[in-house]
Amino acid sequence: MNIVILSRNSQLYSTSRLIEEGQNRGHEIEVIDPLKCDIIIEKEKPTIYYKDRYLDYVDAVIPRIGASVTFYGCAVVRQFEMMNVFTTVTSDAIIRSRDKLRSFQRLSKAGIGMPKTVFTNYSRDVEEVLEHVGGPPVIIKLLEGTQGLGVVLAETKNAAESVLEAFNGLQARALVQEFIAEAKGADLRALIVDGQVVGAMKRQGKEGEFRSNLHRGGKANLIRLSEDELKLAIKAARALKLPVCGVDMLQSARGPLIMEVNSTPGLEGIEGATQKNIARAIITFIERNRR
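Residues numbered from 1 in each chain as written. Predicted model: local features only at pLDDT ≥ 70, side-chain atom pairs only at ≥ 80, totals over all residues. Heavy atoms only, no water.

## Quick notes on the pattern of salt bridges
Summed over the entire model, instances satisfying the criterion amount to 13 salt bridges. Close ionic contact of E21 with R17 constitutes a salt bridge, the shortest N to O distance being 3.0 Å. Of the two residues, E21 and R17 both sit in helix α1 (residues 13–24), 4 residues apart, roughly one turn of that helix. Residue class for E21 comes out buried when judged on its relative accessible area of 7%. Between D194 and R288 there is a salt bridge, with the nearest N and O atoms lying 3.0 Å from each other. Taken together, the positions of D194 in the loop between β12 (186–193) and β13 (196–204) and R288 in helix α9 (residues 278–289) put the pair 94 residues apart, joining distant regions of the chain. Each of R17, E20, E21 and E271 takes part in a single network of salt bridges with overlapping partners. (Salt bridge = Lys/Arg side-chain N within 4 Å of Asp/Glu carboxyl O. Helix = DSSP H or I, 4+ residues; strand = E, 2+ residues; numbered from the N terminus. Buried < 20%, exposed > 50% of the residue type's maximum accessible area, 1.4 Å probe, protein only.)

Okay, here's the thing in structure tokens:
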């Protein structure tokens, strides 16, 4: 097959691993920068022009769309969908997952456990907001932050007030969430491919850090998920219609809670921790759907 990876950098670990595994299985793999694609829209003949050619020969695409280019990147994925090209993740699913508020609303409707969350329209009544989530300490998250950026732990009412005022002043919308103290700065990442968990790791934040992101110095170790954690991860991926994703969970006193669902999960941490070939699982997922 002719498989296109939509990525701005072919040297990134995740992109290079997908190239390697795709070629190992006999496919033609091409990395294309979505921002350099021209979307041509005309009656009954949607096409994409890249550099000096039309991309009318593509069988499947693997979107590796960064958060900063979500709008145009998803427009390119949507155009491939209009051309009846298989994609591992649809444009609509990527957009849904990037909006934390929208994601939590869908997960809530699906009956999925999560930390208690409040969203307000630039409310100045911080005390009332804090009461909704059980009082400080609280986590305050920008709606579109990634890799731990735009996530703040406010340990007191005054701290929460200061952070919310700063975000409000920047016209940046944020969620306020209860702080799950018993998680102790750790979370679980389940990697989903074709609706099944193919690998899982426990990420532990560095000393004094409540965020467990590997980009922020966290460490990852192989973990065996409980039955409840497996079911929750699969249910969350289905609720957001993401056949390939990373599901982040917290271990709490009331059971596992969904923290976030990532439509473009990195492969380096999960492959390193589990020693499993996740990149190959993604390529074989494409093969099963393009037979």
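## Looking at the nonpolar core
Counting 66 residues, the largest nonpolar core has F80, L107, V247, M249 and I258 as the members making the most contacts within it. Here this core takes 7 residues from α9, the largest share from any one element. Apart from residues lying up to four places away in sequence, I258 is in contact with F104, L107, I112, G113, M114, P115, L232, A236, V247, D248 and M249. Residues L130, I140, F167 and V176 belong to the second largest nonpolar core, which totals 14 residues. (Core = buried A, V, L, I, M, F, W, Y, C linked by side-chain atoms within 4.5 Å. Contact = heavy atoms within 4.5 Å.)

## Considerations on a negative patch on the surface
A cluster of acidic residues, D125, E127, E128 and E131, forms a negative patch on the protein surface. Within the element layout of this structure, D125 appears in the loop between β8 (117–119) and α5 (126–132). D125 sits in the partly exposed class, given a relative accessible area of 38%. (Patch = residues over 30% accessible without salt bridge, like charges linked within 9 Å, V, L, I, M, F, W, Y side chains within 5 Å. Areas by Shrake-Rupley, 256 points an atom, 1.4 Å probe, with all protein chains shown as cover. Lys, Arg positive; Asp, Glu negative; His and termini not counted. Charge placed at Lys NZ, Arg CZ, Asp CG, Glu CD.)

## Side note on the side chain of K141
The topology assignment puts K141 in strand β9 (residues 138–142). It is E260 that comes nearest to the buried, bridge-free K141 among opposite-charge side chains, at 5.4 Å. A polar side-chain atom of K141 sits 3.3 Å from a polar atom in the side chain of Q177. Beyond its immediate chain neighbours, meaning those up to four positions away, K141 contacts K100, G150, V151, R173, A174, L175, Q177 and M259. (Polar contact = N/O pair within 3.5 Å; in protein donor to acceptor, adjacent residues only side chain to side chain.)

## Things to note about the sheet that holds β13
In sheet architecture, strand pairing relies on hydrogen bonds along the backbone and comes in two forms, parallel and antiparallel. Spatially, β14-β13-β12-β15-β16 is the arrangement adopted by the 5 strands of the open sheet, whose pairing is antiparallel. Edge positions in the sheet fall to β14 (219–222) and β16 (255–262), since each has one partner strand and no second. Ignoring strand direction, the axes of neighbouring strands in this sheet form an average angle of 30°. When β12 meets strand β15 (residues 244–252), the two strands line up antiparallel, connected through 6 bridges. Across the sheet, residue R189 finds its bridge partner in β15, namely D248. (Pairing = 2+ DSSP bridges. Axes fitted to C-alpha atoms, helices over the stretch in contact; angles between N-to-C directions.)

## So, the packing of aromatic side chains
Scanning the entire structure with this criterion turns up 2 aromatic pairs. An angle of 65° between the planes, with centres 4.9 Å apart, marks the rings of Y49 and Y54 as edge-to-face. For Y49, a relative accessible area of 26% gives the class partly exposed. Owing to a relative accessible area of 44%, Y54 belongs among the partly exposed residues under this scheme. (Phe/Tyr/Trp six-rings, centres within 6.5 Å; stacked < 30°, edge-to-face > 60°.)

## Let's talk about the sheet that holds strand β4 (residues 47–50)
The sheet built from 3 strands is open, its strands ordered β3-β4-β5 with antiparallel pairing. In this open sheet, the two edge strands, each paired with only one partner strand, are β3 (37–40) and β5 (53–54). With 2 bridges joining them, β4 and β5 adopt antiparallel strand pairing. Bridge pairing in β5 places Y49 opposite Y54. Contacts from helix α2 (residues 70–82) reach β3 and β4 within the one sheet, and its direction differs from that of β3 by about 50°.

## So, the environment of G269
With respect to the secondary-structure elements, G269 resides in helix α8 (residues 268–274). The class of G269 is partly exposed, set by a relative accessible area of 22%. Residues G269 and K219 lie 50 residues apart in sequence; the distance between their C-alpha atoms is 8.7 Å.

## Quick word on a positive patch on the surface
Taken together, the side chains of R102, R106, K109 and K241 present a region of like positive charge at the surface. Mapped onto the elements, R102 comes out in helix α4 (residues 100–109). Residue class for R102 comes out partly exposed when judged on its relative accessible area of 37%.

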